[in-house]
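Chain residues, written in single-letter form:
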Amino acid sequence: MKNTAITFKDAKKNRQKLSMLTAYDYSTAKLMDQSGIHGILVGDSLGMVMLGYKDTLAVTMEDMLHHTRAVARGAKNSLIVADMPFLSYHTGINEAVTNAGRLIKEGGAQAVKLEGGSSFCKEIEAITRASIPVMAHLGLTPQSIHTFGGFKVQGKTQEAAQALLNDAREVEASGAFALVLECVPEKLAKKISEALSIPTIGIGAGAGCDGQILVYQDMIGMYSDFTPKFVKQYINVGTQMKQAFASYIEEVQEGIFPQKEHTFSIEDSVIDQLY
Ligand code: KIV
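What comes next concerns the included structure. It should be emphasised that the depicted structure is a prediction, and the values quoted were computed from it without experimental measurement. (Residues numbered from 1 in each chain as written. Predicted model: local features only at pLDDT ≥ 70, side-chain atom pairs only at ≥ 80, totals over all residues. Heavy atoms only, no water.)

Observations concerning the site of the ligand
Just so we agree on the cut-off: Near is defined per residue: the residue qualifies when any heavy atom it owns lies within 4 Å of the molecule or strand. Think of a polar contact as two N or O atoms within 3.5 Å of one another; within protein, one of them needs to be a possible hydrogen donor and the other a possible acceptor, and neighboring residues in sequence only count if both atoms come from side chains. Each accessible area value is a Shrake-Rupley result obtained with a 1.4 Å probe; residue values ignore everything except the protein chains displayed when judging cover. The way it works is a 1 Å grid over only the protein atoms, where trapped points that fit a 1.4 Å probe form a cavity and open points with protein on both sides within 12 Å along at least five of seven lines form a pocket, and then any residue with an atom within 4 Å of a point lines it. Being in a pocket or cavity means that more than half of the molecule's atoms lie within 2 Å of its grid points. Charged means Asp, Glu, Lys or Arg here, nonpolar means Ala, Val, Leu, Ile, Met, Phe, Trp, Tyr, Cys or Pro, and polar covers whatever is left, Gly included.
Every residue close to the ligand is listed here: T22, L41, G43, D44, S45, D83, K113, H137, V180, E182, I203 and V215. In the model, an oxygen atom of the ligand is placed 3.0 Å from a nitrogen or oxygen of the D44 side chain. Within the side chain of K113, one N or O atom sits 2.9 Å away from an oxygen atom of the ligand. Against a free-state accessible area of 260 Å², the protein chains account for coverage of 96% of the ligand. Of the pockets mapped on this structure, the ligand occupies the largest pocket. Tallied by class, the residues present in the shell around the ligand amount to four nonpolar, four polar and four charged.

Side note on helix α4 (residues 61–74)
Worth spelling out the cut-off: Numbering of helices and strands runs from the N terminus; a helix is a DSSP stretch of H or I covering at least four residues, while a strand is a stretch of E covering at least two. The length a helix should cover is 1.5 Å for every residue beyond the first. Relative accessibility thresholds used throughout: buried, under 20% of the residue-type maximum; exposed, over 50%; partly exposed, between the two (1.4 Å probe, protein chains only). Whether two residues touch is decided by their heavy atoms; if any such pair falls within 4.5 Å, the residues are in contact.
The end-to-end C-alpha distance of α4 is 20 Å, a good match for the 20 Å that 14 residues give at a rise of 1.5 Å each. For α4, the full list of buried residues reads M61, M64, L65, H67, T68, A70, V71 and G74. Turning to α4, the residues buried within the fold contact α2 (26–35), β2 (39–42), α3 (46–49), β3 (79–83) and α5 (93–105).

What to know about the sheet that holds strand β7 (residues 200–203)
Worth spelling out the cut-off: Two strands pair if DSSP finds at least two bridges between them. Axes here mean lines fitted to C-alpha atoms, for a helix over just the part in contact, with angles spanning 0 to 180 degrees between N-to-C directions.
Around the barrel, eight strands lie side by side as β1-β2-β3-β4-β5-β6-β7-β8; this closed barrel has parallel pairing. Direction aside, neighbouring strands of the sheet carry axes that sit 25° apart on average. Bridging between β2 and β3 involves four bridges; their strand directions are parallel. Across the sheet, G39 pairs through a bridge with L79, a residue of β3. Taken strand by strand, α4 contacts β2 and β3, and its axis lies near 155° from that of β2. Across the face of the sheet, helix α8 (residues 158–173) comes into contact with β5 (134–139) and β6 (178–182) while running at roughly 175° to β5.

Section: the pairing of strand β1 (residues 18–22)
Going by this rule: If the strands point away from the viewer and the path from the first strand over the helix to the second runs clockwise, then the crossover is right-handed.
By the criterion of burial, β1 is predominantly enclosed, with four of the five residues buried. As defined by bridge partners, β1 adjoins strand β8 (residues 211–214) across four bridges and the pair is classed as parallel. The partner of L21 across the bridge, within β8, is L214. In the sheet, β1 pairs with β2 via three bridges, with the strands oriented parallel. Residue M20 lies in a different strand from β2, and its bridge partner there is G39. Traced from β1 through α2 to β2, the parallel crossover comes out right-handed.

Shape is all these values report; function is a separate question.
Now the structure itself:
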């Protein structure tokens, strides 16, 4: 069954937990889709885990389109959400709608995600009015790291917690169909989830959210530059990959690879007549 913005909202009504992962390429998206993941986020985290930047700020619309297209070719049933990169929705409503539209028309996504609360409600309304489902994102919003002074848990003081709850209510009222809560204390995320009728998707926000999302390289041990506290590693593919690469190097050096079964044959007479 195809997951959509509507099935996400229905899942909340039916108290069914939603699972999401990030993906940035065809093969990974296909594997996740075949595993039954509800949603795939083509996150601007690709700047860090795919392109090696130190944060997400350098990611462009062209980067997002390139990776969204690859994911869209691989995933059939998952809801594909594409991140709106830094400065693609900050400079005016027209530009925000145009860029959201490009991720749908050219990228093949079925929804977009943007970071920010009340200050971006006009953009959320306008994009939603253009029939593009919007996933909002509050808490630790990585595009604002310079304002936050780093990757830090958000909403811990009375004032900050109230501001987060208010923002959550406002993005829902503006038409967002779901809300990512990143690095928010568990009890606050639960309170926000109970206050909204749209599903909350947590990352570092505890089990009280209506769904969860992880960056896939983190949960399979492929990205070792920085591992946040909230990540659970389900497998260490990084170690397995390094072992496989080392074995390959050794076998090539020792002439063990390739073997007969990896090669193509030709009639000896063809070779014999070469001059
Ligand atoms: O870019 C991303 O991967 C994200 C998730 C961490 C929610 O925004």
